[in-house]
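Each chain, letter by letter, is given below.
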Amino acid sequence: MKTINYALKVLSLAIVLLFVSCQDETIEVIDPTDNQTVQANSPVARLMQRTSLNDGSSDNIIDQSSCSDIVLPVTVVVNGLEIIIDSEEDFELIEAIFEEFTNDNDELEIVYPITIILSNHEEIVINSQQELEALIADCIEGGEDDDIECIDFQYPITISTYDSNNQIADTVVINSDAELYELFENLDPATFVSLNFPVTLVTADGNEVVVSNYEELANAIEAAIEACDEDDDNDYDDDDVDLPIDQLNELLTTCPWIVDKLIVNGDDLGEQYEGYVLTFFENGTVTATINDAVWNGTWGVEATSVGLVFVLEIEGLEDFNNIWRLHGVEHYNGVIKLDFRRGDSRLRLKKNCDNGNPTDCSETFVDQALTNCFWRVVSYNGNGEFSDFELYFRESQTLEVQHSINDGVFFGAWSTSQSGAGVVVEISQLDGNLMVFNSNWTITECAAGRFKMVSGDDYIIIEKDCGNNAGGDVAQIKEWMTMGEWIVANYNDSGQDDTGLFEGYGLDFLENGGVIAESANSLIDGEWNVYRDNSNVLRFDLNFGNDQPFNELNDDWRIVEVSANRIELKDISGGDGTVDILVFEKL
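1. A look at the sheet that holds strand 7 (residues 151–153)
Next, step 1: The three strands are arranged 7-11-12 in an open sheet whose pairing can be described as antiparallel. Where the open sheet ends on each side, the last strands, each with one partner, are strand 7 and strand 12 (208–211). Put simply, the sheet's adjacent strands are angled 30 degrees from each other on average, direction ignored.
Next, step 2: Pairing of strand 7 with strand 11 (residues 199–203) involves three bridges; the strand directions are antiparallel. Opposite isoleucine 151, over in strand 11, you have threonine 203 as the bridge partner.

Here it is as structure tokens:
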């Protein structure tokens, strides 16, 4: 092997001398044994070729295929109106026609013949709808494809090549994705390629990435594979995914969701979880149910640079646990589906509502709903005489009724049972005017945030309210934190265990919002607070200024789990989606 390498180097040197002596213009000749060269089908060459594939998703509203593009201009008939599409901006016109009415059937017909560009940049003439459908039959909506769309090369790129069989060296200038794809597609296995670094790439959000070698190039492309929404759904510009965070939270908590699809690391687990129902509550908890089996967990939505991410953790159902990126929202015939992706994993949920009510209003669902946040009596037999009362259904089966104006507090009891007519909520032991609630109430309208309950000729409607106190949980957490001394039991910074930084420190959380971290040799002051944000997510805010090491903890943490002796906090980076975990435990 050493002899062959030496011969190749001598050959390369001879070629260089030959070109220098015989030509006025010198072509740089690469050393094929240099680790700064690539060959056909090498990992780096494959990444470059995938990045140069044609992205066919921009015109999905016309051809329903993210695997090909239609060459413009093209004539289409949209809901009976013939229009000429000259540029991608005209796709908005199609969308506007589709959205003009919500109760019509949207139809689009293409006037043939048309020319399409395949992912390999090949152009083909299509003469009918049947030909188009046959060509794109294997292009699955939202499916996995080879093209990497979240990063692009900035052209021109200069590339040196060396054909080791024919001993021919050359330099080519690449000006487009099509030229780059063709170079690697036709690259002979005996030909070596070397890029003229530095090379600039541009990410989906417009940031430039300058790389100086193949390792940096591969890292930049691989980091971008899942960094954006590739918009491979058959609509226009995926504008239905641009949801504000509060709208996604509202969607999730309106009523339960059926598991419509679950793929974990490429394995389809749909049959295994068929019929599972997920119910999301405003306080960040979730229950998964199937028949009489129940699992509990937590959920949350975070805004990141790659869009909204959905954090799901259910104890005992690890297949669901992931940091899912919202990939699409589908509305069809009144059915809403949420599509979440993460690498080779996919979770699709279908809204389980019938006229706003869950089709599975079980006793477990009712118990979980009632004990999350508090409830307002919005109607009693059609009037609002009890609208100033807040109902707190405690897990201890105690019913606490508070008057929101005069702060009066009344106590009773509650329980649930299952009857042939549905779930029954029994309320008892209330006094005074509230005695009218002492009865067995059958739930006739059931949603995660609204119940209508009937007893004889009477009915009450209660609606959930997760305000700043959220059923007293904020006050309860503050009370726990101010009782006793705490330590940092775990601090994991994006996968790195940094708990040792806080060894020897005890923390006192004060009622006035101050916090003192003290060790044998140091005393650090900071501030803390517990609150619910605009999305009704429980937050734990910490601020120690610039004092090390506690400035590492400065953040508005999401509360994952809390008890009188332990609180677990989590934060998701808005940049790269990494997770930090902070756990306090009481001494």
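Now that the structure has been shown, we can carry on.
2. A short note on the pairing of strand 26 (residues 398–403)
Every regular strand shows the same layout, with side chains that alternate between the two sheet faces.
Next, step 1: Here strand 25 (residues 389–393) runs beside strand 26; their pairing, made up of five bridges, is antiparallel. Considered in strand 26, the bridge of glutamate 390 is made with glutamine 402.
Next, step 2: Linking strand 25 to strand 26, which pair antiparallel, is a turn of four residues; within it glutamine 397 sits at a positive phi near 75 degrees.
Next, step 3: As defined by bridge partners, strand 26 adjoins strand 27 (residues 409–419) across five bridges and the pair is classed as antiparallel. Counted as the bridge partner of glutamine 402 is valine 409 from strand 27.

3. Points about a negative patch on the surface
Next, step 1: Taken together, Asp267, Asp268, Glu271 and Glu274 make up a surface patch of like negative charges.
Next, step 2: Position of glutamate 271 relative to the elements: it lies in the loop between strand 14 (267–268) and strand 15 (277–280).

4. Here we look at unusual backbone geometry
Next, step 1: Between tyrosine 155 and the following residue, proline 156, the backbone shows a cis peptide bond with an omega angle of 5 degrees.
Next, step 2: Within the fold, proline 156 resides in the loop between strand 7 and strand 8 (157–163).
Next, step 3: With an omega of 5 degrees, the peptide bond between phenylalanine 197 and proline 198 qualifies as cis.
Next, step 4: The topology assignment puts proline 198 in the loop between strand 10 (191–195) and strand 11.
Next, step 5: A positive phi is found at glutamine 64, a non-glycine position, where the angle reads about 55 degrees.
Next, step 6: Assignment of secondary structure puts glutamine 64 in the loop between helix 3 (60–63) and strand 1 (68–70).
Next, step 7: The backbone phi angle of glutamine 429 is positive, close to 70 degrees, even though this residue is not glycine.
Next, step 8: Here glutamine 429 is to be found in the loop between strand 28 (422–428) and strand 29 (439–447).

5. Focus on the environment of valine 436
Next, step 1: For valine 436, the location among the structural elements is in the loop between strand 28 and strand 29.
Next, step 2: Apart from the residues lying within four places of it in its own chain, the contact partners of valine 436 are Tyr380, Phe386 and Trp441.

6. Observations concerning the confidence of the model for the protein chain
Next, step 1: Per-residue pLDDT for the protein chain averages 81, and the proportion of residues at 70 or more is 83%.
Next, step 2: In the predicted structure, residues 1–34 sits below a pLDDT of 50 and forms 33 contacts with residues beyond four places in sequence or in another chain.
Next, step 3: Long-range and interchain partners of residues 354–359, a stretch whose pLDDT sits below 50, account for 13 contacts in this model, where long-range means more than four residues apart.

7. Observations regarding the pairing of strand 40 (residues 579–586)
Next, step 1: As judged from the seven bridges shared by strand 32 (residues 486–493) and strand 40, these two strands associate in the antiparallel manner. Across the sheet, asparagine 490 pairs through a bridge with valine 583, a residue of strand 40.
Next, step 2: Here strand 39 (residues 566–572) runs beside strand 40; their pairing, made up of seven bridges, is antiparallel. Note on strand 40: the bridge partner recorded for isoleucine 567 is phenylalanine 584.

8. What about the side chain of glutamate 400?
Next, step 1: Examined against the element boundaries, glutamate 400 turns out to sit in strand 26.
Next, step 2: A relative accessible area of 13% means that glutamate 400 is categorised as buried.
Next, step 3: Of the polar contacts made by the side chain of glutamate 400, one reaches the side chain of arginine 394; its length is 3.1 Å.

9. Quick word on the pattern of salt bridges
Two side chains carrying opposite charge are able to pair once their charged atoms lie near each other.
Next, step 1: For the structure on display, the rule yields 12 salt bridges.
Next, step 2: A salt bridge links arginine 558 to glutamate 302, with the shortest nitrogen-to-oxygen separation between them at 3.8 Å. Note that arginine 558 is positioned in strand 38 (residues 555–562) and glutamate 302 in strand 17 (residues 293–304), a separation of 256 residues in sequence.
Next, step 3: Given the relative accessible area of 10%, glutamate 302 is considered buried.

10. Looking at the packing of aromatic side chains
Next, step 1: Tallied over the entire structure, the rule returns 26 aromatic pairs.
Next, step 2: With a centroid separation of 6.4 Å and 50 degrees between ring planes, the pair formed by tryptophan 299 and phenylalanine 310 is classed as tilted. With a gap of 11 residues between them, tryptophan 299 in strand 17 and phenylalanine 310 in strand 18 (residues 307–314) connect regions that are remote in the sequence.
Next, step 3: Residue classification places tryptophan 299 among the buried positions, given a relative accessible area of 5%.
Next, step 4: Looking at phenylalanine 310, the relative accessible area reads 0%, which means it is buried.
Next, step 5: Note on phenylalanine 386 and phenylalanine 389: the rings are 5.9 Å apart at their centroids and 55 degrees apart in plane angle, and the pair reads as tilted.
Next, step 6: Classification of phenylalanine 389 as buried rests on a relative accessible area of 12%.
Next, step 7: Three or more aromatic residues joined by ring pairs form one cluster here, namely Tyr380, Phe386, Phe389, Phe410 and Phe437.

Quick notes on the rules
- Residues numbered from 1 in each chain as written.
- Predicted model: local features only at pLDDT ≥ 70, side-chain atom pairs only at ≥ 80, totals over all residues.
- Heavy atoms only, no water.
- Pairing = 2+ DSSP bridges.
- Helix = DSSP H or I, 4+ residues; strand = E, 2+ residues; numbered from the N terminus.
- Axes fitted to C-alpha atoms, helices over the stretch in contact; angles between N-to-C directions.
- Patch = residues over 30% accessible without salt bridge, like charges linked within 9 Å, V, L, I, M, F, W, Y side chains within 5 Å.
- Areas by Shrake-Rupley, 256 points an atom, 1.4 Å probe, with all protein chains shown as cover.
- Salt bridge = Lys/Arg side-chain N within 4 Å of Asp/Glu carboxyl O.
- Lys, Arg positive; Asp, Glu negative; His and termini not counted.
- Charge placed at Lys NZ, Arg CZ, Asp CG, Glu CD.
- Contact = heavy atoms within 4.5 Å.
- pLDDT = per-residue confidence, 0-100.
- Buried < 20%, exposed > 50% of the residue type's maximum accessible area, 1.4 Å probe, protein only.
- Polar contact = N/O pair within 3.5 Å; in protein donor to acceptor, adjacent residues only side chain to side chain.
- Phe/Tyr/Trp six-rings, centres within 6.5 Å; stacked < 30°, edge-to-face > 60°.

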